[in-house]
Structures are given as structure tokens and as C-alpha cells.
Amino acid sequence: MNDDHAADSLVIVRALGDTPEATAARMTHLDGTGADFAVTVGGAERTVRVPFSRPLTERPEIRQEIVRLYTEAAAALGVEPRTED
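Draft legend 1. A look at the nonpolar core. Grouped together as the largest cluster of nonpolar side chains are 20 residues, with contacts concentrated most on Ile12, Val13, Phe37 and Val39. Going through the elements one at a time, α1 (6-16), β1 (24-31), β2 (34-41), β3 (44-51) and α2 (60-77) are the ones with two or more residues in this core. Take this core: its biggest share by element is five residues, from α2. Setting aside chain neighbours within four positions, we find Val39 in contact with Val13, Thr19, Ala22, Ala24, Ala25, Ala44, Glu45, Arg46 and Val48.

Okay, structure coming up:
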């Protein structure tokens, strides 16, 4: 996620992590209920948690949920979502 989709993390935290002023974001942890991001705001780093829409129990569900978060966040920000690679 961090290497290939850093810009996606920023979109997610700006829209769904209540940090529209974030200038950088990287995922630091995830579990069955959400993802934690190290977010830079005003030159300082802090942790922001973005919850999943439902508890996840299977590994394949993670990618689907991250794509859903990104798509929802892009729509909320009025950003054209990139196509999946």
C-alpha cells in the first residue's frame, strides 16, 4: 500500500479520517476493524484511524475494503478515482 498507493492513503485520510489538511499519509497498521495511518499535518505526524465498514475476518477482504474506502473517499473529495492496477 505505501509503496504503490501512497496517494490513495492521502485521499482516504483526508476524506474519511477527518484530516482534510493532511499533506502525507502512510498506512502503519491494520486489523479486522480498521486501518491506522501516520498522517502529516502542519509538519507534525500523528496517527489517524479509519474504520472499516464492517469487521473483516478473511485476508482477501482487506483489498476489497481498502478499494471501497478509496472509492468512497475520492467521491467525497470530488476526485476522479484512478483505475485499479
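Draft legend 2. Summary view of the environment of Glu65. If you trace the backbone, Glu65 turns up in helix α2. Glu65 gets classed as buried once you look at its relative accessible area, which sits at 5%. When the C-alpha atoms of Glu65 and Phe52 are compared, they prove to be 6.9 Å apart, with 13 residues separating the residues in sequence. The contacts of Glu65, once residues within four sequence positions are left out, are Phe52, Ser53 and Leu56. Of the polar contacts made by the side chain of Glu65, one reaches the side chain of Arg68; its length is 2.8 Å.

Draft legend 3. Quick look at the sheet that holds β1. In spatial order, the strands read β1-β2-β3; together these three strands make up an open sheet with antiparallel pairing. The open sheet has two edge strands, β1 and β3, and neither has a second partner. The sheet shows a mean angle of 25 degrees between the axes of neighbouring strands, taken without regard to direction. The sheet contact formed by β1 and β2 spans seven bridges and is antiparallel. Bridging across to β2, Asp31 finds its partner in Gly34. Of the strands in this sheet, β1, β2 and β3 are in contact with α1, which crosses β1 at around 85 degrees.

Draft legend 4. Focus on α1. Buried within α1 are the following residues: Asp8, Ser9, Leu10, Val11, Ile12 and Val13. At its buried positions, α1 is contacted by β1, β2, β3 and α2. Looking at the residues trailing α1, positive phi occurs at Asp18, about 55 degrees.

Reading guide: rules and limits
- Residue indices follow the written sequence of each chain, beginning from 1 at its first position.
- The predicted origin of the model limits local features to residues at a pLDDT of at least 70 and limits the giving and counting of side-chain atom pairs to 80 or more, whereas totals for whole chains, interfaces and linings rest on all residues.
- Where side-chain values are given, they derive from all heavy atoms of the structure, hydrogens and water being excluded.
- The term nonpolar core refers to a set of buried residues drawn from Ala, Val, Leu, Ile, Met, Phe, Trp, Tyr and Cys, joined through side-chain atoms within 4.5 Å.
- Three exposure classes are used, based on accessible area relative to the maximum for each residue type with a 1.4 Å probe and protein chains only: buried under 20%, partly exposed in between, and exposed over 50%.
- Secondary structure elements follow DSSP: runs of H or I of four or more residues count as helices, runs of E of two or more count as strands, with numbering from the N terminus.
- Working rule for contacts: check all heavy atoms of both residues, and any pair within 4.5 Å makes them a contact.
- Between N or O atoms, a polar contact is any pair within 3.5 Å; within protein, one atom must be a potential hydrogen donor and the other a potential acceptor, and residues adjacent in sequence are included only when both atoms are from side chains.
- Two strands are counted as paired when DSSP detects at least two bridges linking them.
- Between N-to-C directions, angles span 0 to 180 degrees; the directions come from axes that are lines fitted to C-alpha atoms, helices contributing only their stretch in contact.

These figures come from the coordinates and say nothing about function on their own.
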